[in-house]
Structure formats: C-alpha cells, structure tokens
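Structure assessment
Here is how the chains run, residue by residue.
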Amino acid sequence: MEPANVIELSIESPPVALRPTAVALRSHEIDDTIGVLEGSRALEFGSIEGAERDAYGRLFVLDGQASELRVFADEGAGLEPWQLLGGAGTGPGEFQQPSALSVAPTGPAVVFERSGRAHRFSIQEDGVMYVGTNQFLMTIYDGCTAGNTLALTGAGPDHPGAVHVFDTTNQRVRSFAQLYRTDNASLRLQIQTARVACLRLTGGILLAPLFLPELRRYGPSGELVWWTRLEGLKPIYLAESSDGNVAIGTPEDGYHRTLGVHVEESGGVVILQVGHITREARARGELDEVLTYILSLESGEGALVGRRVSEIRHVDEEGIVFSRTNPFPTLRLARWSRSEP
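Notes on the structure in this doc start here. Chains are numbered independently. Their residues run from 1 in the order of the written sequence. The predicted nature of this model means local features are confined to residues of pLDDT at least 70 and side-chain atom pairs, given and counted, to a pLDDT of 80 or more, with totals for whole chains, interfaces and linings taken over all residues. To obtain the side-chain values, all non-hydrogen atoms of the structure were included, while hydrogens and water were left out.

Take the overall build of the protein chain next. Helix numbers and strand numbers start at the N terminus; a helix is a DSSP run of H or I with at least 4 residues, a strand a run of E with at least 2. Counting its regular elements, the protein chain contains three helices and 27 strands. Three exposure classes are used, based on accessible area relative to the maximum for each residue type with a 1.4 Å probe and protein chains only: buried under 20%, partly exposed in between, and exposed over 50%. Here the protein chain, with 341 residues, has 53% of them falling under the buried criterion. For the protein chain, long-range pairs separated by at least 24 residues make up 47% of all intrachain contacts whose partners lie at least 6 apart in sequence. Accessible surface is estimated by sampling points in the Shrake-Rupley manner with a 1.4 Å probe; for residues, cover comes only from the protein chains shown. Surface summary for the protein chain: the accessible area is close to 15,300 Å², and the carbon and sulfur share equals 48%. By definition, residues are in contact when any of their heavy atoms lie within 4.5 Å.

Right under this line is the structure:
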C-alpha cells in the first residue's frame, strides 16, 4: 500500500535547502587517483563493482573481473594495496563473479555474488580477516549490512519481495517491497532487481529499483516511510504475454537505469544516481549521461543537482569516492571542501 506522502520529483526541481554535506557535492578537492592502465597488477582494475571505506580510513575495492577484494591504506596515491583478499575459485573466501560490496565502518565487510553467496570479513585496526561464507537460495543483485543482519535484493523462490533480511545463521527475518505483482518467475527476476543502502544509525533501508524511476525508504520493520518518484525518465518496457513469455524493450532514444544509492546519515543526505543509456553509448561501454539527485533522508524531497558527475561509489563525513570506466577503470578520492558554509 502506498504511503500518503508519495513525492513526484521533477528533474527541473530547484535545489532544496539541505545540510552542508549536500551542498559540498559541488565543491570537493581531489586527493588521490587509484588505477593504472599498465603497471602493477594490483593497481589495474578490470571492473570496479564496489568501493567503500571503513572506520580506519582504509578503502575497500572489489574487482569483479579479477575476483579480488583489495584494501588500500589511506596514505596517498599510487600505493600498493595493504591487503589482497579473495581470488577466483569456489573455496573458502574465494569468489566467483562477485557483483556487490558492503562495508560497515567497523565490520563486517561482505562480498556478494549473483549465485547467492555472501562472503564475510571481519575488520580490525591491524587487518581484515575472512570469517565465513553464507549460501542463500536466491539470486543476489545487491546487499548491505546493518548490525547482525544482511539486507539482500534480488529474486528468491520463497517470497516475491525485492528485499530479504537474514540474520547471521541464514534465517530469514522478513521480506518486503514487492515491486511487481506477478506469478511469472522470469518477469519477477527482471523487475525485482534493485540497489539498496542500509540505515545503520536510524534503522531501515533505502531501496532504488534498477528499472523503475523511484526511491523508497523503509523503516526497521519493513514499513514504507516515503516514496519518491522521478519524473521525466525513461524506463525499460516489460511485457508479460498470456503464454508466459516476457518481452523487454527500450525507448529509441535510450533508457534510464539506477546506478546506486548512497546515504550520509549524519548529514541527513541521500544521493541517488541514474544513468541514461543510449545505443551508441552502450556500444562504447559508456553512459550517455549520469543524473545525480540529492534528497532529504527525512522527507524524500530533493532535486537534480548534476548531469555530468562520475559514478559515485561511497560517501561519508570525510569525502566521496568516484569511479570512471574509460579510458580505463580508475577511482578518485575527494575530500569535502571546508570552505563551504
């Protein structure tokens, strides 16, 4: 059931007055760039599937192509990773096509695989250590950690919801957020894919469906708090025929797809990024445009603030981590400008 405060957010909305962290998105100072075209193998990225910081200032980078989790100390540009974890394989702590990363400030760090595996790592001041692997009977698209629970997005056989919360023993706590009501398993798998961010201070999660132009906030018990719809975007077409087949189509001038949702809870700020993908850009392995929205965590109100920003991977009180794909995968670490009011 929809809440009373469904917000229609036009891409022409004027900027809203939020706390200084939101304003600082436009004013940041690049500290470091990590990634090389040729050189040290550990600094060559095949595909950056996630990048997040821990409470000790270390940067965790998940390389999906290399099946590695690389941990960089916060000590300057061009350094070798402080730790290399994972590696391709099916053994304990080894990855098979990892697709998402979640790092709680003091742990755990979790690497997710589409196949349903989640690898957990403890975080200590003197190092990061593999703890164990959980196998879930579902396809995992994204995930995040909050306390002793994991919030996973994707499709599973036991519940049609888009969000599935489990404890550390793999017991389901709750499932919710059914984005499309259908008995067609193929269609449900397509439409239930979503990005997720856990609210570790206030509880609950933020859910950004991959192919629906909207953002939702849910409370700790799975109750819907607010729901913001983004006007002026072009989603893909999903059609279900009477014989059970599913057709997927895109507008001629391209479609929009959610890239990520990030939250800086102490500043009350949510950053949502949506990519515009045209056929020409897709052939080049690029995005035609990146739309960056800033919203209030409290109300869901916000505005479009940028169209040409690199893809954001992580946001915290210290700064922001961007990534770029071309001409080769790199990360840029920036700190907030202290000149902002």
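Okay, back to it.
Attention now moves to the packing of aromatic side chains. In this analysis, rings of Phe, Tyr and Trp, with Trp reduced to its six-membered ring, are considered paired at centre separations within 6.5 Å, and the interplanar angle assigns stacked below 30 degrees, edge-to-face beyond 60, and tilted for intermediate values. Under the criterion given, the structure shown has five aromatic pairs. Relative to Phe166, the ring of Phe136 lies with its centre 4.7 Å away and its plane at 55 degrees, an arrangement referred to as tilted. Of the two residues, Phe136 sits in the loop between β10 (127-135) and β11 (142-146) while Phe166 sits in strand β13 (residues 163-167), which places them 30 residues apart along the sequence. Of the two residues examined, Phe136 and Phe166, each falls in the buried class. Between Phe176 and Tyr218 the ring centres are 5.0 Å apart and the planes differ by 50 degrees, which places this aromatic pair in the tilted class. In this pair, Phe176 is assigned in strand β14 (residues 172-176) and Tyr218 in strand β17 (residues 214-218), connecting sequence segments 42 residues apart. Across this residue pair, the class does not change: Phe176 and Tyr218 are buried. Through a chain of ring-to-ring contacts, three or more aromatic side chains come together here, namely Phe95, Phe121 and Tyr130. The lysine or arginine in question, Arg216, covers the ring of Trp227, its NZ or CZ lying 3.8 Å from the ring centre. Throughout this description, the term charge over a ring refers to an Arg CZ or Lys NZ atom that lies within 6 Å of the ring centre and within 35 degrees of the ring normal. Across the ring face of Trp227, the terminal group of Arg229 is positioned such that the distance to the ring centre comes to 5.0 Å.

Turning our eyes to something else, we now look at the nonpolar core. When a protein is soluble and globular, its nonpolar side chains tend to lie buried together. For the purposes of this section, nonpolar cores are sets of buried Ala, Val, Leu, Ile, Met, Phe, Trp, Tyr and Cys residues that join through side-chain atoms within 4.5 Å. Counting residues in hydrophobic clusters, the biggest one holds 18 residues, and the most contacted among them are Leu206, Leu215, Val261, Val263, Val270, Leu272 and Tyr293. In contact with Leu215, other than residues within four places in its own chain, are Leu206, Leu207, Ala208, Trp226, Trp227, Thr228, Val261, Val270, Leu272 and Leu295.

A word on the pattern of salt bridges. We count a salt bridge whenever a side-chain nitrogen from Lys or Arg sits within 4 Å of a carboxyl oxygen from Asp or Glu. If you walk through the whole model with that rule in mind, you get twelve salt bridges. Ionic pairing is found between Arg195 and Asp142, a salt bridge with its closest N-O pair at 4.0 Å. Placement of the pair is Arg195 in strand β15 (residues 194-198) and Asp142 in strand β11, with a sequence separation of 53 residues. One exposure class covers both Arg195 and Asp142, and it is buried. One network of salt bridges, in which partners are shared, links Arg41, Asp63, Glu68 and Arg70.

Mapped onto the fold, Ser175 is located in strand β14. Among the polar contacts made by the side chain of Ser175, one reaches the side chain of His164 at a distance of 2.9 Å. Of note is the side chain of Ser175, whose polar atom sits 2.4 Å from the side chain of Arg172. The residues touching Ser175, leaving out its near neighbours within four places in the chain, are His159, Val163 and His164. N or O atoms closer than or at 3.5 Å make up a polar contact, with two conditions inside protein: a donor-capable atom paired with an acceptor-capable one, and, for residues adjacent in sequence, both atoms drawn from side chains.

Now for the environment of Tyr218. With a relative accessible area of 4%, Tyr218 lands in the buried category. Apart from residues no more than four positions distant in its own chain, Tyr218 is found in contact with Phe176, Ala177, Gly203, Gly204, Ile205, Leu207, Glu223, Leu224 and Val225.

Turning next to the pairing of strand β8 (residues 109-113). Taking burial as the measure, the five residues of β8 include five buried ones, the bulk of the element. Burial of β8 is two-sided: the residues Ala109, Val111 and Glu113 facing one way and the residues Val110 and Phe112 facing the other way are all buried. Paired strands, as defined in this entry, are two strands with at least two bridges between them according to DSSP. Alignment of strand β7 (residues 98-103) against β8, held across five bridges, turns out to be antiparallel. Its bridge partner being in β8, Ala100 is matched across the sheet by Phe112. Following β7, the chain reverses through five residues before pairing antiparallel with β8; Gly107 in that reversal takes a positive phi of roughly 105 degrees. Here β8 folds back onto strand β9 (residues 117-124), and the loop between the two strands holds three residues, one of which, Gly116, carries a positive phi near 110 degrees.

Okay, the sheet that holds β8 next. Within the open sheet, the four strands sit side by side as β7-β8-β9-β10. Their pairing is antiparallel. Every other strand in the sheet has two partners, leaving β7 and β10 as the edge strands with one partner each. Across the sheet, the mean angle separating the axes of adjacent strands is 20 degrees when strand polarity is ignored. With eight bridges connecting them, β9 and β10 associate as antiparallel partners. Following the sheet pairing, Ser122 is matched in β10 by Met129. Orientation is described by axes fitted as lines to C-alpha atoms, over the contacting stretch for helices, and by angles from 0 to 180 degrees between their N-to-C directions.

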